[in-house]
Every structure is written in structure tokens, then in C-alpha cells.
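# A structural walkthrough
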Amino acid sequence: MNSFFDFFWHIQMCYPQGRDGIRIDSLEMLREQEPIIGTGEWDNWQCRDFKNSLKKGDIVLVREGNSPVALCEVIGENFTDAGLTTKYYNINFRHVRILGMYSDYKIPPSSNLFSQGTFKSCNKTTNQYAYIQQWLNYIQSMTFIKDCTNLLHVKRNIILQGAPGTGKTYNTAAIALATLDVNDVDLSDHKAVMDRYKSLKDSQIFFTTFHQSMDYEDFVEGLKPKVDKDTNAITYQPEDGIFKIACNAVRNDESKNIVECIDAYLQTIKGLEKKREIPTLTGKSKLYVWWNEGNTTISTRSTNSSSTKDETYSPSPLNIEKVKLQAQGQGVENNWTQYAQAFINAVKEAYKVTQNKPVVLIIDEINRGNVSKIFGELITLLEADKRDELSVILPYSKMSFSVPANLYIIGTMNTTDRSTGTLDYALRRRFAFVTLKSDRAVVEKHYNSDDEVKNIALALFDDIQKFISNPQHLCGDFSIDDLMVGHSYFMAANRPELEAKIQYEVIPLINEYINDGILNVTQKQKNDAFAAWSNLQTIPAYSTSDDSSSTEE
């Protein structure tokens with residue numbers, strides 16, 4: 001489906017014999033096994049346009065009065081059918097593909113925008129055209145987001161890849177909300193999306209950026225220094241990284257205060273006579289737990305203990321304050337970490353603190369990190385069929401850990417970044433890759449039809465695309481989709497802003513391509529191109545005819 005047209009059409013089918021005739025339900029025509037639109041036939045230019053001017057691929061808004069019904073794409077030539085005429089009273093028909101129903105869009109047009117005519121066109125200068133284009137943009141945006149979300153639910157891990165300025169980071173927020181089944185926000189409204197995104201950040205959405213010095217200790221867990229407030233002594237305790245925090249967020253209900261739940265649980269096991277049996281982390285054995293009021297520790301003993309001491313003896317007491325810190329992800333009970341976690345799990349079970357909610361982890365610039373060093377042994381656990389099934393013992397906390405099925409990872413990757421190595425194959429097998437291309441149509445959508453900067457921006461887009469895609473210029477295994485400057489660089493509020501983007505963002509980027517040997521051009525071709533673009537002009541024809549492959553400086 002094309003993104004832009006010289007004009008759109010709108011049609012009213014509910015009065016096939018005119019307003020004084022019979023009324024039918026337009027939706028019934030769209031509910032046919034092969035959806036159709038149609039008109040009656042009388043000596044009128046509107047009927048003639050339907051038969052002769054409407055082309056395959058055209059976009060038609062179906063309406064009843066001023067109320068939109070659906071947006072459709074024409075997929076067939078005009079035809080007649082006696083059975084359909086008997087059913088709907090229309091004479092001429094076209095098969096269509098339904099792009100979207102108004103019940104899903106719900107943005108009303110201004111008063112009387114589509115109130116006139118049976119079948120009419122609207123050109124780019126009209127408010128009718130702008131409304132249909134806005135709806136079409138919404139459908140195309142929602143289709144992309146829906147496809148990414150469906151892929152993410154199956155694969156669990158995706159990477160949005162593309163050249164700079166193609167909207168990778170821009171799209172992650174909307175995909176994250178769709179993955180979390182957020183349905184109270186218009187996902188085509190970027191401001192609304194970002195406001196909702198921020199409200200879920202650090203609870204159901206987590207964000208990090210990979211870089212060359214990042215490692216396992218930053219991402220999963222590592223030993224971090226802690227200073228005792230009373231003695232000023234420094235100790236090293238395991239601290240969760242953002243990946244482990246995100247995984248734990250899947251299973252935590254933040255509406256429940258875990259510290260308050262621990263205090264309440266202690267009251268239920270106050271005294272040896274109220275001791276409880278709880279399972280260990282492995283589930284292969286059990287612990288007795290009880291609390292003597294006033295003590296700073298929780299008494300624990302294995303139910304399989306062979307100790308000859310009396311039953312009040314606790315060989316592995318748990319420090320209550322450290323248990324609370326471990327429950328909040330702010331430290332560990334460093335003497336009996338696994339017993340402490342078993343106790344925390346028992347509290348969560350008793351007070352229903354756990355829930356399996358979806359969580360999204362966004363990793364920006366995922367290819368800039370040393371993936372093997374950052375993920376370590378957890379790479380295996382990222383696979384969809386390994387989630388919640390396999391576990392490992394973490395090296396610092398010594399706790400059993402698995403990656404929950406409800407954790408979704410969205411990575412972004414700049415396809416032109418060669419400052420680091422490519423992603424290793426182990427990670428590539430576990431991610432699905434979605435390529436975002438530089439889209440001329442997005443540039444055109446950005447401007448009003450009468451914006452003088454629009455033609456300049458589009459001409460520059462075409463010229464730069466031609467320059468990069470020239471077979472004599474491209475080197476190695478790069479394609480135009482890898483290198484074409486993103487559409488966002490051509491979207492400006494005015495001429496000075498466009499000049500600044502071209503001069504300080506686009507030209508330096510292409511210069512890097514040339515310096516890195518990604519583009520092979522002569523010094524003259526480079527100078528002519530940069531001089532023209534700096535003045536918001538296209539490259540002179542004489543320069544593009546120079547086919548020398550020298551890159552002399």
C-alpha cells in the first residue's frame with residue numbers, strides 16, 4: 001500500500017437510489033466474504049468517477065453522512081453483479097481491502113467535513129484529505145507496532161535495527177506499551193505514549209544502554225562496597241543489576257509492601273510453638289522457622305537436622321534487617337542467603353505478594369556491549385522455550401535464578417556502527433531482527449502541503465539517497481537500508497533548523513561513511529556534494545558523472 005496519493009475518495013453507500021430512496025446498512029457490504037463498495041447508476045459525474053476514475057490501490061473512506069465507517073483500499077476493477085444488486089440495490093461494485101474500522105480509530109472529523117456527495121475525491125489541499133491521511137498514518141503505525149508485538153510475544157526478544165534517524169528509539173516506547181497490553185493510550189500520539197511510558201518506568205518498563213565497559217556485574221549482579229554507618233567498615237555485598245531487577249519485577253506485586261508483610265508474618269510465627277515448615281529453594285527439603293519476640297534474628301533449622309541439641313537451637317539464624325533488604329533487592333543476608341530467600345518466598349506466598357505481570361526491558365545500542373561478557377551464562381536462558389524451565393546458580397548471591405517467560409527484551413542497534421564488533425551468533429539466534437528503513441513518506445507527512453521547506457527537504461532526501469545508493473559508491477556488504485540517513489534528519493520546523501541538521505548531523509555522518517571506507521567517492525565528489533547540501537541544494541549533474549573511485553584526500 002502506498003503512503004501518499006494525489007487525492008483520496010469518500011463514499012456514501014447507504015442511499016443507493018438517492019436520499020429519497022431505500023436505505024441499506026453499509027457495514028453489510030463490508031462484511032461480505034470479499035468486502036465491496038458500490039454506487040447506484042444515474043447520469044452523474046460521481047457514478048462515472050466510480051466506474052472509470054477509481055483505480056486499484058486508491059484509498060476510500062466509507063461514511064454515512066458525516067460519520068466515518070471504515071477506511072478501505074481498492075483491490076479490483078469495476079463490476080456488476082445481479083445478486084449483489086438485489087441485495088444492496090447498488091449497480092456498480094468494487095472489491096476492497098478493509099484497512100481499518102472507525103470503531104477502532106474513534107477520532108471524529110470536524111463538523112460537516114464529509115457531509116456532501118455520494119462519491120467524491122479530495123485533494124491534498126483539503127481538510128478531508130488531511131483527516132484521511134491522519135487515519136492512514138495511524139493504521140500504518142499500528143500495523144508495525146502490532147507486528148512487532150506479536151513477534152515479541154512469540155520470540156520474547158527482538159532487535160530494532162537501522163541507520164541513525166529511522167525511529168528505533170522512538171518506536172520502542174509504543175511497542176513496550178502494546179506488549180504490556182496498555183489500551184488507554186493512542187499509540188500514534190508520541191507525547192501520550194511517552195507520558196504513559198514514564199509512568200511505568202522502573203515498575204514494568206526498564207531501560208539501559210550498553211557500552212564497551214559494561215559487564216556482568218553491572219547487568220546481572222555483582223559485589224558492591226557497603227559502608228557500615230556505625231563502624232565505617234567496608235564490606236562487599238551482592239547487588240542486583242538491571243536485568244535481575246527487571247526479572248524480579250515480573251514476580252513482584254508492588255502494591256504490597258514486602259517489609260510490612262515480613263513484619264506481619266513474624267507475628268504469626270512468634271514463639272517456638274508457632275513454628276512453620278517452609279520449602280527450601282530447591283523444594284527438596286524443608287525448614288522450620290520461628291521468631292522469639294524481641295530478637296533481631298529469625299530462627300531456622302532444617303527439618304532433616306541431626307543435631308542433638310534441643311529443639312530451640314537454631315544453627316542458621318537470619319538477620320531480620322538484612323532479610324528485609326534482600327526482599328527489597330537492596331542487599332542480602334550474607335550468612336544464609338538461600339535460607340533468607342526461602343523465607344522471603346514463604347512470606348510472598350502467604351500474603352500473595354507475587355504476581356506474574358509482563359515486564360519490558362529496553363536495551364539501547366545493544367551491539368555496543370560485549371554481549372558474552374554482559375550476559376554470561378544467562379544467554380542460554382533467554383530462549384523462549386528455556387524461560388522458567390532452566391535455572392542457574394548465580395556466582396555472587398549463590399541463589400537459583402531463571403528468566404521469567406513474561407520478561408520481554410527490546411534491543412536497538414545502529415546498522416552503521418562499526419566501532420564495535422557485530423553481535424555474536426549466540427545472541428543473534430535468540431533475537432528476531434526488525435529493520436526500520438528511512439522513509440520518504442514520513443518526511444512528506446511532516447510538512448504542510450504549502451510549506452516551502454517541504455520541497456527542499458524532499459529534494460535533499462532524494463539526492464542523498466541517490467548519492468549513497470550509487471553502486472560505484474557502496475562498499476562491502478552494506479545496503480542502502482543500512483546506510484540511508486534516517487527520515488528524522490529531514491524533518492524541521494523551518495529552513496534554519498533544516499540547514500543545521502544537514503550541516504551538523506547529516507554531512508558529518510556521511511563523512512564518517514567515507515572516512516571508514518563504507519562509501520567510496522572521489523575528493524571532488526565529496527566536496528561537491530557537501531557544498532551543495534550545505535546550501536540546501538542538490539549535487540550538480542557534472543559531479544555525479546565523475547565515476548572515478550579514488551578517495552584521495
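An account of the accompanying structure is given in this report.

Rules and cut-offs
Every chain is numbered on its own, with residues counted from 1 as its sequence reads. Predicted model: local features are reported for residues with pLDDT of at least 70 only, side-chain atom pairs are reported and counted for 80 or more only, and whole-chain, interface and lining totals are derived from all residues. Side-chain measures here rest on the full set of heavy atoms in the structure, leaving out hydrogens and waters. Counting from the N terminus, the helices are DSSP H or I runs at least four residues long and the strands are E runs at least two residues long. It is over C-alpha atoms that the radius of gyration is taken, and the globule rule equals 2.2 Å times the number of residues to the power 0.38. Each residue is assigned to one of three classes by its accessible area relative to the maximum for its type, calculated with a 1.4 Å probe on protein chains only: buried under 20%, partly exposed between the two thresholds, exposed over 50%. Note on contacts: a residue pair qualifies if any of its non-hydrogen atoms lie within 4.5 Å across the two residues. For this count, His and the chain ends are skipped, Lys and Arg are scored as positive, and Asp and Glu as negative. Throughout, a charge is located at the NZ atom of Lys, the CZ atom of Arg, the CG atom of Asp or the CD atom of Glu. Strands qualify as paired when DSSP identifies two bridges or more between them. Think of it as the arc spanned by the lines of direction from the helix axis to the C-beta atoms. What qualifies as a polar contact is a pair of N or O atoms within 3.5 Å, subject to a donor-acceptor requirement within protein and to the restriction that residues adjacent in sequence count only when both atoms come from side chains. Each pair of aromatic rings taken from Phe, Tyr and Trp, with Trp reduced to its six-membered ring, is defined by centres within 6.5 Å and is described as stacked if the planes are under 30 degrees apart, edge-to-face if over 60, and tilted in the remaining cases. For patch detection, residues must exceed 30% relative accessible area and be free of salt bridges, and they are connected within 9 Å for like charges or within 5 Å for nonpolar side chains (Val, Leu, Ile, Met, Phe, Trp, Tyr). Accessibility throughout is a Shrake-Rupley quantity obtained with a 1.4 Å probe, and a residue counts as covered only by protein chains that appear here. Definition used for salt bridges: Asp or Glu carboxyl oxygen within 4 Å of a side-chain nitrogen of Lys or Arg. The axes used here are C-alpha line fits, helices contributing only the stretch in contact, and every angle between their N-to-C directions lies in the interval 0 to 180 degrees. By the definition adopted for this analysis, an angle is roughly parallel if under 35 degrees, roughly antiparallel if over 145, roughly perpendicular if from 65 to 115, and oblique otherwise. By the definition used in this description, the sense in which the near helix is turned from the far one sets the handedness, with an anticlockwise turn below a right angle giving left-handed and a clockwise turn giving right-handed. Each residue gets one label: Ala, Val, Leu, Ile, Met, Phe, Trp, Tyr, Cys and Pro are nonpolar, Asp, Glu, Lys and Arg are charged, and the others, such as Gly, are polar. Multiplying 1.5 Å by the helix residue count minus one yields the expected span of that helix.

### Concerning the overall build of the protein
When you go through the protein residue by residue, the secondary structure sums to 20 helices and 19 strands. Taken over the C-alpha trace, the protein has a radius of gyration of 32 Å; the compact-globule value for 553 residues is 24 Å, which it surpasses by more than 25%. Its C-alpha atoms put the protein at 105 × 75 × 35 Å along the principal axes. In the protein, which comprises 553 residues, the share counted as buried stands at 49%. Here the analysis covers contacts within the protein between residues at least 6 apart in sequence; of these, 64% occur between residues at least 24 apart. Distance between charge centres in the protein, computed from 59 positive and 71 negative side chains, equals 5 Å.

### Brief notes about the pairing of strand β13 (residues 297-302)
Along β13, 5 of the 6 residues are buried, which leaves the element largely enclosed by surrounding structure. Between strand β12 (residues 286-290) and β13, which pair antiparallel in sequence order, lie 6 residues; one of them, G294, sits at a positive phi of approximately 95 degrees. As paired elements, β13 and strand β14 (residues 318-319) share 2 bridges and run antiparallel to each other. The residue bridging T297 from the neighbouring strand is N319, located in β14.

### Some words on the environment of D263
Turning to its location among the elements, D263 is positioned in helix α10 (residues 258-268). Overall, D263 belongs to the partly exposed group, its relative accessible area being 33%. As a C-alpha pair, D263 and A178 span 85 residues in sequence and 37 Å in three-dimensional space.

### Considering helix α11 (residues 320-327)
An α-helical turn contains 3.6 residues, so any two residues separated by three or four positions project in the same direction. By the burial criterion, the buried members of α11 are I320, V323, K324, Q326 and A327. For α11, the angular spread of buried residues about the axis comes to 160 degrees, placing them on one side. Where α11 begins, the side chain of N319 points an oxygen toward the backbone nitrogen of E321, at a separation of 3.1 Å. Backbone geometry just downstream of α11 places G329 in the positive-phi region, at approximately 75 degrees.

### Brief notes about the packing of aromatic side chains
By the definition in use, this model includes 22 aromatic pairs. Aromatic side chains F50 and F119 sit 5.4 Å apart centroid to centroid with 80 degrees between the ring planes, which places their arrangement in the edge-to-face category. Note that F50 is positioned in helix α2 (residues 45-53) and F119 in strand β6 (residues 119-123), a separation of 69 residues in sequence. Across the pair, exposure class does not vary: F50 and F119 are buried alike.

### Digging into a nonpolar patch on the surface
A cluster of nonpolar side chains, namely L223, V227, I234 and Y236, defines an oily patch on the protein surface of about 430 Å² accessible area. At the level of secondary structure, the elements contributing two or more residues to the nonpolar patch comprise β9 (221-227) and β10 (234-240).

### A closer look at the side chain of S316
Inspection of the secondary structure puts S316 in the loop between β13 and β14. Residue S316 is classed as buried on the basis of its relative accessible area, which comes to 2%. The residues touching S316, leaving out its near neighbours within four places in the chain, are I298, T300, W336 and Y339.

### Points about the packing of helix α18 (residues 495-515) against helix α19 (residues 523-534)
For the pair α18 and α19, the least separation of the axes is 10 Å and the interaxial angle reads 165 degrees. Here α18 lies roughly antiparallel to α19, going by the angle between them. Where α18 crosses over α19, the two elements pack in a sense that is right-handed. Within the contact between the two elements, α18 uses I502, Q503, I507, I510, N511, I514 and N515 and α19 uses K526, F530, W533 and S534. For the contact of α18 with α19, a count of residues per class yields 6 nonpolar, 4 polar and 1 charged.

### Looking at the pattern of salt bridges
Pairing between side chains becomes possible if they bear opposite charge and their charged atoms approach one another. Tallying each qualifying case throughout the model produces 26 salt bridges. Between K124 and E444 there is a salt bridge, with the nearest N and O atoms lying 3.2 Å from each other. With K124 in the loop between β6 and α5 (127-155) and E444 in helix α15 (residues 440-446), this residue pair connects regions lying 320 residues apart in the sequence. Relative accessible area serves as the criterion here: at 29%, K124 is assigned to the partly exposed category. A salt bridge links E321 to K324, with the shortest nitrogen-to-oxygen separation between them at 3.9 Å. Residue E321 and its partner K324 are both found in helix α11; the two are separated by 3 residues, about one turn of the helix. Connected through shared salt-bridge partners, K124, R440, E444, K454 and D462 make up one network.

### Side note on the sheet that holds β14
Strands sit in the order β11-β12-β13-β14 across an open sheet of 4 strands; the sheet is antiparallel. With partners counted over all chains shown, the strands left at the sheet margins are β11 (276-279) and β14, one partner each. Sheet topology places β12 next to β13; 4 bridges connect them, and they run antiparallel. Considered in β13, the bridge of Y288 is made with R301. In the packing of helix α12 (residues 337-350) onto the sheet, contacts are made with β11, β12, β13 and β14, and the angle to β11 comes to roughly 105 degrees.

### With respect to helix α6 (residues 168-179)
With 12 residues, α6 should cover 16 Å at 1.5 Å per step; its first-to-last C-alpha distance of 16 Å lies within 8% of that length. Here α6 lies mainly inside the structure; 10 of its 12 residues are buried. Among all positions of α6, only K168, N171, T172, A173, A174, I175, A176, L177, A178 and T179 are buried. If you follow the buried residues of α6, they end up packed against α5, β7 (157-162), α7 (190-200), β8 (205-209), β15 (359-364) and β18 (407-414). Phi turns positive, to about 60 degrees, at D181, one or two residues after α6.

### Looking at the sheet that holds β15
Taken in spatial order, the 5 strands make up an open sheet running β8-β15-β18-β7-β19, and their pairing is parallel. Each edge of the sheet is formed by a strand with only one pairing partner; in this case those strands are β8 and β19 (432-435). For this sheet, the mean angle separating the axes of adjacent strands, direction not counted, is 20 degrees. As paired elements, β7 and β19 share 4 bridges and run parallel to each other. Looking across to β19, one finds that Q161 is bridged to T435. α6 rests against β7, β8, β15 and β18 of the sheet, and its axis sits at about 170 degrees to β18. Lying on the sheet, helix α9 (residues 242-250) is in contact with β8, β15 and β18; it crosses β8 at an angle near 170 degrees.

On their own, these measurements won't tell you what the molecule is for.
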